[in-house]
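Fold and contact review
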Amino acid sequence: MFKWQESFSSNVKEFDEQHKKLFALGNQLLDVVHASRNTDHYDDIMEALDELKEYTVYHFNAEEELMLTYNYPKLMSHKMQHKKFLGKVEELLSKDIDKNQVDVTLELLTFLADWIQNHILVTDSQYGDFFNKHGEY
Ligand SMILES: [Fe+2]
Ligand SMILES: [Fe+2]
């Protein structure tokens, strides 16, 4: 279960809200995994994956746009991490999901949990002070 905590805050409200939404999408996937133990949930898994991908692209663009606006010094390396994440999602989407529903979803959830820890809690948390100095909260 993905649970939001105040300590995860990046100090930029818009991005916190978007991160919360990513947590919600993670929980949705978790529900699909539980439901997939007995019955076929291919459509649900595909829907959850597509939604995650779509929302992630939206969120990354939002972060990168604001970074560009204020010339964030770590824009390039931050962008690289975003690109890597999307590459992994694409890779998972190209796997034979229909035959390995639970495995693929579990892999995705593990990856998402890892991503949350490493990117949102580390890399994203670095831009808070920078944006705050530019009047973005
Ligand atoms: Fe983020
Ligand atoms: Fe980010």
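Residues numbered from 1 in each chain as written. Chains lettered and ligands numbered in written order. Predicted model: local features only at pLDDT ≥ 70, side-chain atom pairs only at ≥ 80, totals over all residues. Heavy atoms only, no water.

**Topic: the packing of aromatic side chains**
Considering all chains together, one arrives at 16 aromatic pairs under this definition. Taking the centre distance of 6.4 Å and the plane angle of 65° together, the rings of Tyr70 and Phe131 count as edge-to-face. Placement of Tyr70 in the loop between helix H2 (42-69) and helix H3 (75-94) and of Phe131 in helix H5 (residues 127-133) is noted, with a sequence separation of 61 residues between them. Since its relative accessible area comes to 23%, Tyr70 is described here as partly exposed. A relative accessible area of 0% places Phe131 in the buried class. Here the aromatic residues Phe15, Tyr70, Tyr72, Tyr127, Phe130 and Phe131 are joined through ring pairs into a cluster of three or more. Between Lys21 and the ring centre of Tyr55, over which it is positioned, the NZ or CZ distance is 5.6 Å. (Phe/Tyr/Trp six-rings, centres within 6.5 Å; stacked < 30°, edge-to-face > 60°. Helix = DSSP H or I, 4+ residues; strand = E, 2+ residues; numbered from the N terminus. Buried < 20%, exposed > 50% of the residue type's maximum accessible area, 1.4 Å probe, protein only. Lys NZ or Arg CZ within 6 Å of the ring centre and 35° of its normal.)

**Brief notes about the coordination of the iron ion (ligand 2)**
Protein coordination at the iron ion (ligand 2): the donors are Glu63 (OE), His78 (NE2), His82 (NE2), His119 (NE2) and Asp124 (OD), at 2.0 to 2.3 Å from the metal. Between the two metal centres, the iron ion (ligand 2) and the iron ion (ligand 1), the spacing is 3.3 Å, with Glu63 acting as a shared donor. Placement of Glu63 in helix H2 and of His119 in helix H4 (residues 101-123) is noted, with a sequence separation of 56 residues between them. (Donors = N, O, S within 2.8 Å, 3.2 Å for Na, K, Ca; no water.)

**Quick word on the environment of Lys99**
Residue placement: Lys99 occurs in the loop between H3 and H4. Residues Lys99 and Asp40, 59 residues apart in the sequence, show an inter-C-alpha distance of 9.9 Å.

**Overview of the coordination of the iron ion (ligand 1)**
The protein atoms that coordinate the iron ion (ligand 1) are His19 (NE2), His59 (NE2), Glu63 (OE) and Asp124 (OD), at distances spanning 2.1 to 2.2 Å. Between the four donor atoms coordinating the iron ion (ligand 1), the angles at the centre fall across 82 to 169°, so the site counts as irregular. Taken in chain order, the donor set of the iron ion (ligand 1) reads H-x39-H-x3-E-x60-D. Using a relative accessible area of 0% as the deciding quantity, one classes His19 as buried. (Tetrahedral: all angles 85-135°; square planar, octahedral: opposite > 155°, others 65-115°.)

Everything listed here is a matter of geometry and, on its own, says nothing about what the molecule does.
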